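Architecture at a glance
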Amino acid sequence: MNDLLGTDIGTSGTKTVLMDTEGHLIAQDLQEYDIITPRPLWAEQWPDVWLDAAKASIRNTVQKSGISKEKIAGIAISGLYGGSGIPLDENLKPVRPCMIWMDRRAEEETKWVLEHIGEENLQEITYNGADPYYGYTKILWMKRHEPENWKKTKLFLPPNDYVIYHLTGEIAIDYSSAGNIGGIFDMNTRTWSKTLMDQMGIPMSMMPQRIVESTDIVGGLTKKAAEELGLSEGMPVIAGGIDCGAANIGLGVLESGIYAASIGTSMCAALISDQPAKGKGLIVWPYLYDAKRLSYCFAGANTAGAIVKWFKQTLCQFELEAEKHGGRNAYDILNEQASKIPAGSNGLIVLPYFMGERAPIWDSDAKGTIIGLSLAHTKAHLYRAFLEAVAYSLRNAMEATGENVGNAIYIAGGVTKSKVWRQIFADVTGYPVICPLHDVEANMGDVILAGIGTGLLSYGDVKKWQILDEKILPNPENHEKYNACYQVYQSAYQHLKQDMKAVSHLVKSPARQTERT
């Protein structure tokens, strides 16, 4: 038994990989889906979409590999930040869709928390603040706006833990998932805060009472799950955790003092630290390795890869049609065109706030903005400006951390497929960029967690794996240009902040049209 599975339940798809204990990829499978956005700034998903995708990706990966099920020693499952968590009834059936990290409906609940509990008290206990991003404000929204669903709800479970429950029959939550809920988790004691839960009226029984390390075995596959997946009954299922943290594990980050960014649909750019940050406007939760000691202190864009996907889907119908009929990948064409555009996109600056923004600016009213357009600009200029916007956001996150971030930035996620984007990250930040060799992102981290959990891997073993590609060094001339662009990026938001708020008000309270008489 020397092969391991890693499954990551992402915002737009679930991917599973099978690897051996030397880090060699054997097989993989991806199942894609969309999120539900019933209103502006709302984002949710029915949990069985995640469960079905996880089962399909695991089963397909095992079948593709041709490996005997007896050779597969374990699986770890990571997942997107499930915001509120999945509300489950007394039979552990979903009550409503899960409000995920991207959802920003809980504005009034955030104001209530700040007025009645206070940010200072929150920071002292949780090291986090109040914002619609956090799961606990979404839980309060449900309590206030959906009393019938609230009465039915007996337990909240994150997406990966929901899948683990269906595979093992065991209920647990890992430290990273618990901490990322925010205002009800005590970062000092690494457990639920009864004080804050009582103040908010959230029963302790609604949270899983078994909190585990991401390397812990939650349980073994049930007979039914094993038959469905083509695996052995009783095979260990390891807890895993939040997917951006798993992506960092997949970069071999198992110690403090390293700055690493996971950039997919969103961006989580974090310093792994022995001392959790407090009062810096960052999001803080226990790391996926040695969770009682290490903390993940991050900022980053609500929409990173999401805005580039939006660009492709909305403005690139010609490229998409060509790809559909056997032509080149649309992203490859766009990246090639962007590589020919000079740094700074000839004066174009994009603010990437397409779903409001979390740390470090914490503004639900922030809007996506394009500044500097002229008739001389082309689609290629625009596309490069979108890539640059995410790099500016990364630099902003690094500066918000306010600490030594080391000598290089580790970056994982879908953005690393683009060579031009990798170089832009280096040029904008002024730091060398290190990316993984293989496009397995959080799944590599899951495999590592599964290996450590089953005892097949040690920290020393992982350090020997060929995980990382060569450093990408910043271009000094481009960096100087980007310094000037970055100043505009920062000041533009400050100048437009009030106008963005006014636009949000127009969307929330549209003027009534008067019929002609």
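Attention shifts here to the overall build of the chain. In terms of regular secondary structure, the chain is built from 18 helices and 22 strands. On the principal axes, the C-alpha backbone points of the chain span a range of 65 × 55 × 55 Å. The 517 residues of the chain split such that 60% are buried. Contacts in the chain between residues far apart in sequence, at least 24 positions, make up 72% of those at least 6 positions apart. Of the charged side chains in the chain, 49 are positive and 60 negative; the average position of the first set lies 3 Å away from that of the second.

With that settled, the discussion passes to the pattern of salt bridges. Under the criterion given, the structure shown has 22 salt bridges. The salt bridge involving R210 is made with E170; its shortest N-O contact spans 3.8 Å. Here R210 is found in the loop between α8 (194–200) and β12 (211–212), whereas its partner E170 is found in the loop between α6 (159–168) and β9 (173–174), with 40 residues between them in sequence. Among the residues examined, E170 registers a relative accessible area of 36% and is labelled partly exposed. In this structure, E388 engages R384 in a salt bridge whose closest nitrogen and oxygen atoms are separated by 3.0 Å. With E388 and R384 both in helix α14 (residues 379–401) and 4 residues apart, the pair spans about one turn of that helix. Accessibility assignment for this pair places E388 and R384 in one class, buried.

Another aspect to go through is the sheet that holds strand β2 (residues 13–20). Pairing is mixed in the open sheet, where 6 strands are placed in the order β3-β2-β1-β5-β14-β13. Edge positions in the sheet fall to β3 (25–32) and β13 (217–220), since each of these pairs with one other strand and no more. Taking the axes of each pair of neighbouring strands and ignoring which way they run, one obtains an average angle of 20° across the sheet. Note that strand β1 (residues 3–9) and β2 share 7 bridges and pair antiparallel. Note on β2: the bridge partner recorded for D3 is D20. Along the sheet, α6 contacts β1, β5 (72–79), β13 and β14 (236–238); its crossing angle with β5, the most-contacted strand, is approximately 145°.

Right, let's talk about the packing of helix α12 (residues 317–324) against helix α13 (residues 330–339) for a bit. Between α12 and α13, the shortest axis-to-axis distance is 8 Å and the interhelical angle comes to 135°. Classified by the angle between their axes, α12 and α13 sit oblique to one another. Contacts between α12 and α13 involve E319, L320 and E323 from the first element and A330, I333 and L334 from the second. Split into classes, the residues belonging to the contact of α12 with α13 amount to 4 nonpolar, no polar and 2 charged.

The biggest cluster of nonpolar side chains holds 177 residues, and the ones touching the most others in it are Y136, W192, I411 and F425. Sort the elements by how many residues they give to this core and α14 lands first, with 12 residues. Every residue in contact with Y136, bar those within four places of it in the chain, is listed here: V113, L122, G129, A130, D131, I181, G182, G183, I184, M200 and I202.

Once that is clear, we can look at the side chain of N128. Looking at the secondary structure, you find N128 in the loop between α3 (119–126) and α4 (135–145). A polar side-chain atom of N128 sits 3.0 Å from a polar atom in the side chain of Y134.

Moving on, we get to the confidence of the model for the chain. Interpretation of this model should avoid reading the predicted coordinates in detail wherever pLDDT is low. Residues of the chain with pLDDT of at least 70 account for 98%, and the chain-wide mean is 94. Scored below 50 in pLDDT, residues 510–517 makes 0 contacts in the model with residues more than four places away or belonging to other chains.

Within strand β18 (residues 295–299), 5 of the 5 residues are buried, which leaves the element mostly enclosed by the surrounding structure. For strand β16 (residues 267–273) and β18, the ladder comprises 5 bridges, and the chain directions are antiparallel. Across the sheet, residue S273 finds its bridge partner in β18, namely S295. Of the pairings in the sheet, the one linking strand β17 (residues 283–286) to β18 comprises 4 bridges and is antiparallel in character. Paired with W285 across the strands is Y296, a residue of β18.

Our next topic: α14. A rise of 1.5 Å per residue sets the reference length of α14, with its 23 residues, at 33 Å; its end C-alpha atoms lie 34 Å apart and thus fit the reference within 8%. The buried fraction of α14 amounts to 20 of the 23 residues, a majority that puts the element mostly inside the structure. Just past α14, the residue G402 takes up positive phi, approximately 65°.

What characterises a pair of aromatic rings is the spacing of the ring centres plus the angle enclosed by the ring planes. With the rule as written, the count across this model stands at 23 aromatic pairs. Plain terms: the ring middles of W42 and W141 are 5.5 Å apart, the flat faces sit at 80° to each other, and that makes the pair edge-to-face. Placement of W42 in the loop between β3 and β4 (44–45) and of W141 in helix α4 is noted, with a sequence separation of 99 residues between them. Residue classification places W42 among the buried residues on the basis of a relative accessible area of 16%. Arranged with centres 6.5 Å apart and planes meeting at 40°, the rings of W150 and F156 form a pair that is tilted. Exposure class is identical for W150 and F156. Each is buried. By the ring-pair criterion, three or more aromatic residues cluster together here, those being Y81, Y133, Y134, Y136 and W362. Its end group placed over the ring of W42, R105 keeps NZ or CZ at 3.6 Å from the ring centre. One Lys or Arg, R105, reaches over the ring of W141 and ends 4.6 Å from the middle of that ring.

Glancing now at the packing of helix α15 (residues 419–429) against helix α18 (residues 476–508). At a minimum axis distance of 7 Å, the contact between α15 and α18 shows a crossing angle of 70°. In terms of axis orientation, α15 runs roughly perpendicular to α18. The way α15 lies across α18 gives a crossing that is right-handed. Residues I424, D427, V428 and T429 of α15 touch α18, and the partners they reach there are N478, H479 and Y482. Of the residues belonging to the contact of α15 with α18, the class tally is 3 nonpolar, 3 polar and 1 charged.

Moving on to the sheet that holds strand β22 (residues 433–434). Overall, mixed pairing links the 6 strands, which are arranged β17-β18-β16-β15-β21-β22 in an open sheet. Among the strands making up the open sheet, the edge pair consists of β17 and β22. Examined bridge by bridge, strand β15 (residues 258–263) and β16 share 6 bridges and lie antiparallel to one another. Across the sheet, A260 pairs through a bridge with A270, a residue of β16. Running at roughly 125° to β15, helix α10 (residues 243–250) makes contact with β15, β16, β17, β18 and β21 (409–412) of the sheet.

Calculation rules
Residues numbered from 1 in each chain as written. Predicted model: local features only at pLDDT ≥ 70, side-chain atom pairs only at ≥ 80, totals over all residues. Heavy atoms only, no water. Helix = DSSP H or I, 4+ residues; strand = E, 2+ residues; numbered from the N terminus. Buried < 20%, exposed > 50% of the residue type's maximum accessible area, 1.4 Å probe, protein only. Contact = heavy atoms within 4.5 Å. Lys, Arg positive; Asp, Glu negative; His and termini not counted. Charge placed at Lys NZ, Arg CZ, Asp CG, Glu CD. Salt bridge = Lys/Arg side-chain N within 4 Å of Asp/Glu carboxyl O. Pairing = 2+ DSSP bridges. Axes fitted to C-alpha atoms, helices over the stretch in contact; angles between N-to-C directions. Parallel < 35°, antiparallel > 145°, perpendicular 65-115°, else oblique. Nonpolar A, V, L, I, M, F, W, Y, C, P; charged D, E, K, R; others polar. Core = buried A, V, L, I, M, F, W, Y, C linked by side-chain atoms within 4.5 Å. Polar contact = N/O pair within 3.5 Å; in protein donor to acceptor, adjacent residues only side chain to side chain. pLDDT = per-residue confidence, 0-100. Expected span 1.5 Å × (residues − 1). Phe/Tyr/Trp six-rings, centres within 6.5 Å; stacked < 30°, edge-to-face > 60°. Lys NZ or Arg CZ within 6 Å of the ring centre and 35° of its normal. Left-handed = near helix turned anticlockwise from the far one by under 90°.

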